[in-house]
Amino acid sequence: MMQSSMATGAPIFALATGAGRAAVAVMRVSGTGTGAILSTLCGGRVPPPRSARLRTLQRTIDGRCVALDHALVLWFPAPGSYTGEDSCELHLHAGPGVIDAVGDALVALGARPAEPGEFTRRAFEHGRLDLIQAEGIADLIEAETESQRRQALEQADGALSRVYSAWAERLKTLLARQEALIDFPDEEIPPEVERAVLDDVRALIDETGAHLDDAGRGERLRRGLVFAIVGAPNVGKSTLLNYLADRDAAIVSDVAGTTRDAIEVRAMLGSVPVTLVDTAGLRETADPIEAEGIRRALFHVKQADWTLHLFDGPDIPPMAVGNALPVHTKADLAAGPPGVLSISVQTGHGLAILRDVLAAQATALTARQGTPPLTRARHRAGIEETRAALMRALAQDWPEMRGEDLRLAMRALGRLTGQVGVEDLLDSVFGQFCIGK
């Protein structure tokens with residue numbers, strides 16, 4: 001029987017591959033006793049660590065040895081595994097009967113089905129990654145586009161964590177200098193020591209401020225953008241939505257006011273996921289249902305990252321809905337005003353240019369600038385808390401109070417990476433994962 005090299009939790013298992021018809025299904029097992037479970041399944045023939053071997057999986061039923069599957073087996077003794085525990089992978093044939101039989105055998109051998117995110121939570125608890133890296137892994141699993149994949153992989157690899165760890169180290173040095181000023185007030189400590197402390201605090205304030213001043217680019221890329229399509233009734237909003245979505249997502253009619261509720265369609269523009277929102281036509285109306293649709297349209301405009309304001313007349317309408325891109329429609333029937341993008345879905349005029357403009361705007365709204373970007377509201381709140389504590393420290397006249405604010409800044413950074421006081425966050429962070437991760 002194999003022995004675990006570190007104290008771990010009870011063994012858990014789950015499929016690491018998705019549901020549905022496939023050739024192979026990967027079952028992951030992790031925790032104390034995984035080595036013994038694997039040895040029993042393989043008839044004592046456990047593969048060398050991190051080497052794939054073909055094995056016949058088996059279990060004993062009513063005193064008889066029953067074969068379950070011919071599987072590719074990998075063994076990862078602690079701490080050299082994803083979770084930091086003794087772990088293994090079983091690459092099974094993906095038939096439901098095979099998966100169920102192996103799952104039943106694992107339960108009989110003392111393992112239990114894993115909870116969502118439990119493998120990654122154990123990796124965090126064993127120091128294999130921090131909270132920000134764990135969130136990057138969650139984003140990597142959900143990534144739809146190349147841009148999202150690159151951002152998520154960078155975060156999972158620790159790029160953002162390294163920035164925060166470097167700030168934490170500088171704060172630790174600052175706090176040590178500040179403690180010296182507190183503990184030895186009557187000693188001959190050169191005045192330039194305090195000046196250096198204050199200068200370093202100012203530098204951190206500037207750097208955290210620049211980090212926050214990113215217009216939400218990382219968060220936008222992670223969740224995807226929202227572009228609202230607005231304009232008067234019958235200017236072609238639904239027709240344009242259907243063209244951009246490449247399907248009939250919205251009803252197109254000559255009857256004004258056909259669209260009464262927002263219709264949302266997901267599209268890829270410039271390697272960025274964008275939700276296009278077709279809204280009710282903007283006009284004065286006595287119809288309470290249409291009026292509610294217009295109210296919702298204006299709400300979506302306020303929430304959108306960008307707005308397309310369509311019109312089919314000779315003049316640009318007032319931009320009552322804020323900063324929007326004016327687009328003249330029905331160019332096959334009448335020319336638009338000079339200097340304005342003009343399109344016709346019927347003839348295709350201007351559509352390629354419009355798609356390029358939308359893709360360029362999506363890219364500009366999510367383009368990286370400077371340090372690895374913030375990707376979640378939790379990160380933004382933590383850095384805002386850190387910066388607020390630093391600004392209080394800079395304004396303090398009493399050394400003791402300045403030292404306390406520097407400690408609070410360090411704690412805020414520590415909560416971001418999971419080093420201090422995050423127990424109440426763990427269920428929220430890891431609950432977003434799929435079962436097998």
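Residues numbered from 1 in each chain as written. Predicted model: local features only at pLDDT ≥ 70, side-chain atom pairs only at ≥ 80, totals over all residues. Heavy atoms only, no water.

Q: I keep staring at the overall build of the chain and nothing clicks. Help me out?
A: Check the secondary structure of the chain and you find 14 helices and 12 strands. A burial count over the chain gives 47% of its 437 residues as buried. Taking the intrachain contacts of the chain between residues at least 6 apart in sequence as the baseline, contacts between residues at least 24 apart amount to 62%. Split by element, the accessible area of the chain, about 21100 Å² in all, is 54% carbon and sulfur. (Helix = DSSP H or I, 4+ residues; strand = E, 2+ residues; numbered from the N terminus. Buried < 20%, exposed > 50% of the residue type's maximum accessible area, 1.4 Å probe, protein only. Contact = heavy atoms within 4.5 Å. Areas by Shrake-Rupley, 256 points an atom, 1.4 Å probe, with all protein chains shown as cover.)

Q: I would appreciate a short explanation of the sheet that holds strand β4 (residues 64–76) in the present structure.
A: Pairing is mixed in the open sheet, where 6 strands are placed in the order β3-β4-β5-β2-β1-β6. Two strands bound the open sheet, and with one partner strand each, they are β3 (53–61) and β6 (112–113). When strand β1 (residues 12–15) meets β6, the two strands line up parallel, connected through 2 bridges. The residue of β6 that forms the bridge with isoleucine 12 is arginine 112. Against the sheet, helix α2 (residues 96–108) contacts β1, β2 (24–30), β3, β4 and β5 (87–93), and its axis sits at roughly 10° relative to β2. Helix α3 (residues 118–125) contacts β1, β2 and β6 of the sheet and is inclined by roughly 130° relative to β1. (Pairing = 2+ DSSP bridges. Axes fitted to C-alpha atoms, helices over the stretch in contact; angles between N-to-C directions.)

Q: How should the packing of aromatic side chains be read in this particular structure?
A: Aromatic rings considered in pairs are described by the distance between their centres and by the relative angle of their planes. Applying the stated criterion across every chain yields a total of 2 aromatic pairs. Ring geometry for phenylalanine 227 versus tryptophan 306: centroids 5.4 Å apart, planes at 65°, classification edge-to-face. Of the two residues, phenylalanine 227 is situated in strand β7 (residues 225–231) and tryptophan 306 in strand β10 (residues 306–311); the sequence distance between them amounts to 79 residues. When sorted by exposure, phenylalanine 227 lands in the same class as tryptophan 306, which is buried. Its end group placed over the ring of phenylalanine 119, arginine 28 keeps NZ or CZ at 4.9 Å from the ring centre. (Phe/Tyr/Trp six-rings, centres within 6.5 Å; stacked < 30°, edge-to-face > 60°. Lys NZ or Arg CZ within 6 Å of the ring centre and 35° of its normal.)

Q: Could you clarify how one ought to interpret the confidence of the model for the chain in this entry?
A: Parts of the model with low pLDDT should not have their predicted coordinates read in detail. In the predicted model, the chain carries a mean pLDDT of 84, and 82% of its residues have values of at least 70. Per-element confidence in the chain is highest for β5, whose mean pLDDT is 97, and lowest for helix α14 (residues 423–430), whose mean pLDDT is 49. Here residues 1–7 is modelled with pLDDT under 50, and outside its nearest four sequence neighbours on either side it reaches 15 contacts, counting other chains as well. Considering only residues more than four positions removed or in separate chains, one finds that residues 249–260, a stretch of pLDDT under 50, has 35 contacts. (pLDDT = per-residue confidence, 0-100.)

Q: Looking at this structure, how should I read the side chain of arginine 122?
A: Mapped onto the elements of the fold, arginine 122 is located in helix α3. Contact partners of arginine 122, with chain neighbours within four places excluded, come to Gly9, Ala10, Ile12, Ser30, Gly31, Thr83, Glu85 and Arg112.

Q: Would you mind showing me how to read the pattern of salt bridges here?
A: For the structure shown, the criterion picks out 23 salt bridges. With a closest N to O distance of 3.1 Å, glutamate 85 and arginine 122 form a salt bridge. You can see glutamate 85 sitting in the loop between β4 and β5 and its partner arginine 122 sitting in helix α3, a full 37 residues away along the chain. Accessibility classification places glutamate 85 together with arginine 122 in one group, the buried group. (Salt bridge = Lys/Arg side-chain N within 4 Å of Asp/Glu carboxyl O.)

Q: In this structure, what is going on with helix α5 (residues 146–156)? I would like to understand it.
A: Because each turn of an α-helix spans 3.6 residues, side chains separated by three or four positions in sequence point in the same direction. Among the residues making up α5, those that are buried are Ser147, Gln148, Gln151, Ala152, Gln155 and Ala156. Each buried residue of α5 sits inside an arc of 160° when the element is viewed along its axis, so together they form one side. Directly beyond the C-terminal end of α5, a positive phi value near 100° is found at glycine 158. (Arc of directions from axis to C-beta.)

Q: Would you mind showing me how to read the sheet that holds strand β9 (residues 272–278) here?
A: Whenever strands of a sheet pair, they do so through backbone hydrogen bonds, lying parallel or antiparallel. Read from one edge to the other, the open sheet built from 6 strands follows the order β8-β9-β7-β10-β11-β12, with strand pairing classed as mixed. In this open sheet, the two edge strands, each paired with only one partner strand, are β8 (263–269) and β12 (341–342). Where strand β11 (residues 325–328) meets β12, 2 bridges bridge the pair, whose relative direction is parallel. The residue bridging histidine 328 from the neighbouring strand is serine 342, located in β12. Contacting β7, β8, β9 and β10, helix α9 (residues 237–245) crosses the sheet at an angle of about 155° to β9. Where helix α11 (residues 351–366) meets the sheet, its contacts fall on β7, β8, β9, β10, β11 and β12, and the angle it forms with β7 comes to roughly 135°.

Q: So what exactly am I meant to see when it comes to unusual backbone geometry here?
A: What you tend to see is this: most non-glycine residues have negative phi, and most peptide bonds are trans. Alanine 78 connects to proline 79 through a cis peptide bond whose omega is 0°. Mapped onto the secondary structure, proline 79 falls in the loop between β4 and β5. Notably, alanine 215 is not glycine yet its phi reads approximately 60°, a positive angle. Counting through the fold element by element, alanine 215 comes out in the loop between α7 (191–212) and α8 (217–223). In this structure, asparagine 234 is a non-glycine residue whose phi angle is positive, near 65°. Inspection of the secondary structure puts asparagine 234 in the loop between β7 and α9. Overall, the relative accessible area of 30% leaves asparagine 234 in the partly exposed class.

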